[in-house]
Amino acid sequence: MVYLSCKRGSRVYKILSRLNMKHGGNMKMEHAEVLSYLRKIEGQIRGVQKMIAQKKYCVDILTQLHAIVGGIGNVEDKILRKHFENCVTSAFRSDSKKDREEKMEEILRLISKFRG
């Protein structure tokens, strides 16, 4: 299993699938870790829904929402880091100029999107 954003069937995907098998499936563990964080965030969102239903103090609700946003940012960071460590690194190490150019364009699109 390859980390989240590598296209199935691509050369990079195939390389990373082989690497994952060589490393004892560590990438699957990383998926599990990210899913665990997302479940925690999901629980926090349910908590905020309850707080609103119970008409809790606005500042307390905002504090919880801020924690949720921070948690989502942490998940984003983990996914982006793994994408760079796996997909992007493999593309730049490959002999394929096309793979390298595609990853460079992908990175530039991400930067533009996140800046915005």
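The structure this text deals with has already been given above.
Residues numbered from 1 in each chain as written. Predicted model: local features only at pLDDT ≥ 70, side-chain atom pairs only at ≥ 80, totals over all residues. Heavy atoms only, no water.

1. Some remarks on the overall build of the chain
Inference 1: Regarding its fold elements, the chain presents 4 helices and 0 strands.
Inference 2: Listing every helix and strand of the chain by position from the N terminus yields α-α-α-α.
Inference 3: Taking as baseline every contact in the chain between residues at least 6 positions apart, the subset at least 24 positions apart corresponds to 58%.
Inference 4: As displayed, the chain has an accessible area near 8,600 Å², and 58% of this comes from carbon and sulfur atoms. (Helix = DSSP H or I, 4+ residues; strand = E, 2+ residues; numbered from the N terminus. Contact = heavy atoms within 4.5 Å. Areas by Shrake-Rupley, 256 points an atom, 1.4 Å probe, with all protein chains shown as cover.)

2. Concerning helix H3 (residues 58–93)
Inference 1: Taking 1.5 Å of rise per residue, the 36 residues of H3 would be expected to cover 52 Å, and the 51 Å separating its terminal C-alpha atoms lies within 8% of that figure.
Inference 2: At phenylalanine 84, H3 is bent by approximately 35°, the largest bend along its length.
Inference 3: For H3, every residue scored as buried is listed here: Ile61, Ile68, Gly71, Val75, Lys82, His83, Asn86, Cys87, Val88, Ser90 and Ala91. (Expected span 1.5 Å × (residues − 1). Bend = angle between axes of the 7 residues up to and from the residue. Buried < 20%, exposed > 50% of the residue type's maximum accessible area, 1.4 Å probe, protein only.)

3. Things to note about a nonpolar patch on the surface
Inference 1: Taken together, the side chains of Phe92, Met104, Leu108 and Ile111 make up a nonpolar region of the molecular surface, amounting to roughly 340 Å² of accessible area.
Inference 2: Looking at where isoleucine 111 falls in the secondary structure, it is placed in helix H4 (residues 97–115).
Inference 3: Here isoleucine 111 falls in the partly exposed class, since its relative accessible area comes to 41%. (Patch = residues over 30% accessible without salt bridge, like charges linked within 9 Å, V, L, I, M, F, W, Y side chains within 5 Å. Salt bridge = Lys/Arg side-chain N within 4 Å of Asp/Glu carboxyl O.)

4. What to know about the environment of isoleucine 72
Inference 1: Mapping isoleucine 72 onto the fold places it in helix H3.
Inference 2: In sequence terms isoleucine 72 and isoleucine 41 are 31 residues apart; their C-alpha atoms lie 7.4 Å from each other.

5. Some details on H4
Inference 1: For H4, with 19 residues, the first-to-last C-alpha span of 27 Å sits near the 27 Å given by 1.5 Å per residue.
Inference 2: Asp99, Lys103, Glu106 and Ile107 are the residues of H4 that are buried. Each buried residue of H4 sits inside an arc of 100° when the element is viewed along its axis, so together they form one side. Turned more than 90 degrees away from the buried face of H4 sit Lys97, Lys98, Arg109 and Arg115, all of them exposed. (Arc of directions from axis to C-beta.)

6. Some points on the pattern of salt bridges
Inference 1: Using the criterion set out here, one finds 8 salt bridges in the structure.
Inference 2: Between lysine 97 and glutamate 101 there is a salt bridge; the shortest N-O distance is 3.8 Å. With lysine 97 and glutamate 101 both in helix H4, this residue pair falls 4 residues apart, about one helical turn.
Inference 3: Taking relative accessible area as the criterion, lysine 97 reaches 53% and is therefore assigned exposed.
Inference 4: Among the ionic pairs, lysine 98 bridges to glutamate 102, the shortest N-O distance being 3.6 Å. Here glutamate 102 and lysine 98 lie together in helix H4, a separation of 4 residues that amounts to about one turn.
Inference 5: The exposure class of lysine 98 is exposed, given its relative accessible area of 56%.
Inference 6: Counted as one network, the salt bridges with shared partners bring together Glu30, Arg81, Lys82 and Glu85.

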